[in-house]
Amino acid sequence: MLHYDPETGVWKWNISKGAAAAGKQADSPARQGYRRVRPCGGNYGAHRLAWFYMTGKWPIKDIDHRNGVRDDNRWNNLREATRSQNIANSKVGSRNKSGLKGVSWWKRTGKWRALIEVENKPIYLGWS
């Protein structure tokens, strides 16, 4: 029904069904910059489906985009990762005033605070 191209990361239809024509791109933009594939009424993250297609196993952990680009589903850009590894590979948030991951301004103290999270536990690195 579907074909995944590991070089481009694009999903295409192998068959024509309704509005979906054979050879037409099957993945479409979704929330937060990811891409989705909807075969047979299902709704799958294109990156998670690519992992299944290439390995034959549904991912147990997160699927991380090595370069941080959420719609780049090329096989060499995907890796299975723990939630901590995935978050550590994320970009600095747009609302971040310090420009550094894990560093935030605390109005209450009038200081910068550095914090990391390991296995869902906060580790405070210090204040400045």
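For the structure, check the block above.
Residues numbered from 1 in each chain as written. Predicted model: local features only at pLDDT ≥ 70, side-chain atom pairs only at ≥ 80, totals over all residues. Heavy atoms only, no water.

Q: It is not clear to me how the overall build of the protein should be interpreted in this structure. Could you clarify?
A: Assigned secondary structure in the protein consists of 2 helices and 10 strands. Starting at the N terminus and walking to the C terminus, you meet the elements of the protein as β-β-β-β-β-α-β-β-α-β-β-β. Taken along the three principal axes of its C-alpha coordinates, the protein extends 60 × 25 × 25 Å. Per-residue burial for the protein yields a buried fraction of 24% across its 128 residues. Summarising the internal contacts of the protein: among those between residues at least 6 apart in sequence, 25% fall at separations of at least 24. Separation between the mean location of the 24 positive side-chain charges and that of the 10 negative ones in the protein comes to 9 Å. (Helix = DSSP H or I, 4+ residues; strand = E, 2+ residues; numbered from the N terminus. Buried < 20%, exposed > 50% of the residue type's maximum accessible area, 1.4 Å probe, protein only. Contact = heavy atoms within 4.5 Å. Lys, Arg positive; Asp, Glu negative; His and termini not counted. Charge placed at Lys NZ, Arg CZ, Asp CG, Glu CD.)

Q: Sorry if this is basic, but what is going on with the environment of Ala21 here?
A: Mapped onto the elements of the fold, Ala21 is located in the loop between β2 (10-13) and β3 (27-29). A residue is classified by how much of its surface remains accessible, and Ala21, at 35% relative accessible area, is partly exposed. Distance in space between the C-alpha atoms of Ala21 and Trp106 is 54 Å, their sequence separation being 85 residues. Apart from the residues within four sequence positions on either side, Ala21 is in contact with Trp13, Ile15 and Ser16.

Q: Explain the pattern of salt bridges here, please?
A: Any two side chains of opposite charge can pair if their charged atoms end up close together. Counted under the stated rule, the structure contains 4 salt bridges. Ionic pairing is found between Asp27 and Arg35, a salt bridge with its closest N-O pair at 2.9 Å. A relative accessible area of 5% places Asp27 in the buried class. Under the relative-accessibility criterion, Arg35 is labelled buried at 14%. For Asp64, the salt bridge goes to Arg79, with nearest N and O atoms at 2.8 Å. Highlighted residues: Asp64 in strand β6 (residues 62-65) and Arg79 in strand β7 (residues 78-81), separated in sequence by 15 residues. Take Asp64: its relative accessible area is 3%, and that puts it in the buried class. Judged by relative accessible area, which is 23%, Arg79 ranks as partly exposed. (Salt bridge = Lys/Arg side-chain N within 4 Å of Asp/Glu carboxyl O.)

Q: I keep staring at the pairing of strand β9 (residues 111-118) and nothing clicks. Help me out?
A: Working note: regular strand, side chains alternate between the two faces of the sheet. The pairing of strand β8 (residues 103-106) with β9 spans 4 bridges and is antiparallel. Within the sheet, the bridge partner assigned to Val103 lies in β9 and is Ala114. In this structure, the hairpin formed by β8 and β9 is closed by a connection of 4 residues, where Gly110 is found at a positive phi of approximately 70 degrees. For β9 and strand β10 (residues 121-127), the ladder comprises 6 bridges, and the chain directions are antiparallel. The residue of β10 that forms the bridge with Arg113 is Trp127. Between β9 and β10, which pair antiparallel in sequence order, lie 2 residues; one of them, Glu119, sits at a positive phi of approximately 50 degrees. (Pairing = 2+ DSSP bridges.)

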